[in-house]
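The residues making up each chain are set out below.
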Amino acid sequence: MVKRILVVFDGSRGDVQPYMVAAKALIMAGYDVMTSGPGDADALAKHFQVPFTRSRLSTGKLVADPEMQKAFAVNDMQGMMTAQDRIRDELVTPETRARDLGLLYQLLVEWKPDLVLTGIG
């Protein structure tokens, strides 16, 4: 029987909040839940009283980027995607990817979930 669930996600608040709501509902239903995602999600996890481990890059640098802000202000989806790709290329290096995968592996080995739900695209 599934009792321990690891929820792994990526994204900004609009992406993260549904996972936190689902995690809280699972906890209230009696499951042991751990969430893991970008560092920005820490405050939201505390708000929902959901266990959280940072395993992805913060999305704060993405939304603070001037090119991203300019594209966002005029709803330029292509500009936002271009900025996102550029920023991720700058931030996601082999070292940071190895760190993130190492943290996820550590959760899988040490926490031993029965089920892993993921929202990483």
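Look a little higher up for the structure.
Thresholds, definitions, all that
Residues numbered from 1 in each chain as written. Predicted model: local features only at pLDDT ≥ 70, side-chain atom pairs only at ≥ 80, totals over all residues. Heavy atoms only, no water. Helix = DSSP H or I, 4+ residues; strand = E, 2+ residues; numbered from the N terminus. Buried < 20%, exposed > 50% of the residue type's maximum accessible area, 1.4 Å probe, protein only. Pairing = 2+ DSSP bridges. Right-handed = clockwise from strand over helix to strand, strands pointing away. Salt bridge = Lys/Arg side-chain N within 4 Å of Asp/Glu carboxyl O. Core = buried A, V, L, I, M, F, W, Y, C linked by side-chain atoms within 4.5 Å. Phe/Tyr/Trp six-rings, centres within 6.5 Å; stacked < 30°, edge-to-face > 60°. Lys NZ or Arg CZ within 6 Å of the ring centre and 35° of its normal.

(A) Layout of unusual backbone geometry. Backbone geometry at glutamine 49 places phi at a positive 55°, although glycine is not the residue there. Within the secondary structure, glutamine 49 sits in the loop between helix H2 (42–48) and strand E3 (52–56). Within the chain, lysine 112 stands out as a residue other than glycine whose phi angle is a positive 55°. For lysine 112, the position within the fold is in the loop between helix H6 (94–111) and strand E4 (115–119). Looking at lysine 112, the relative accessible area reads 57%, which means it is exposed.

(B) Summary view of the pairing of strand E1 (residues 4–9). Of all 6 residues that make up E1, 5 are buried, and the element is covered over most of its length. With 5 bridges joining them, E1 and strand E2 (residues 32–38) adopt parallel strand pairing. When the bridges of E2 are listed, arginine 4 appears paired with aspartate 32. The parallel pair E1 and E2, bridged by helix H1 (residues 13–28), forms a crossover whose chirality is right-handed. With 5 bridges connecting them, E1 and E4 associate as parallel partners. Paired with leucine 6 across the bridge in E4 is valine 116.

(C) Structural view of the pattern of salt bridges. Evaluation of the coordinates by the stated rule reveals 4 salt bridges. Put simply, lysine 46 and aspartate 42 hold a salt bridge, and the shortest N to O gap is 3.1 Å. One end of the pair is lysine 46 and the other is aspartate 42, both in helix H2 and 4 residues apart, which spans about a single turn. Residue classification places aspartate 42 among the partly exposed residues on the basis of a relative accessible area of 29%. Put simply, aspartate 65 and arginine 86 hold a salt bridge, and the shortest N to O gap is 2.7 Å. In this pair, aspartate 65 is assigned in the loop between helix H3 (60–64) and helix H4 (66–73) and arginine 86 in helix H5 (residues 77–91), connecting sequence segments 21 residues apart. A single network of salt bridges, built from pairs that share partners, joins Asp65, Glu67 and Arg86.

(D) Main features of the nonpolar core. Counting 13 residues, the largest nonpolar core has Phe9, Val16, Met20, Ala41 and Phe52 as the members making the most contacts within it. Judged by nonpolar contacts, the second largest core, of 6 residues, contains Leu62, Met68, Met80 and Ala83.

(E) Looking closely at the packing of aromatic side chains. One pass over the structure, following the stated rule, counts 2 aromatic pairs. Seen from their ring centres, phenylalanine 9 and tyrosine 19 are 5.5 Å apart, and the 10° between their planes marks the pair as stacked. One end of the pair, phenylalanine 9, is in strand E1; the other, tyrosine 19, is in helix H1, and 10 residues separate them in sequence. Three or more aromatic residues joined by ring pairs form one cluster here, namely Phe9, Tyr19 and Phe52. Looking at lysine 3, its charged tip hangs above the ring of tyrosine 31, at a distance of 5.6 Å from the centre. In this structure, arginine 4 packs its charged tip against the face of tryptophan 111, placed 4.5 Å from the ring centre.

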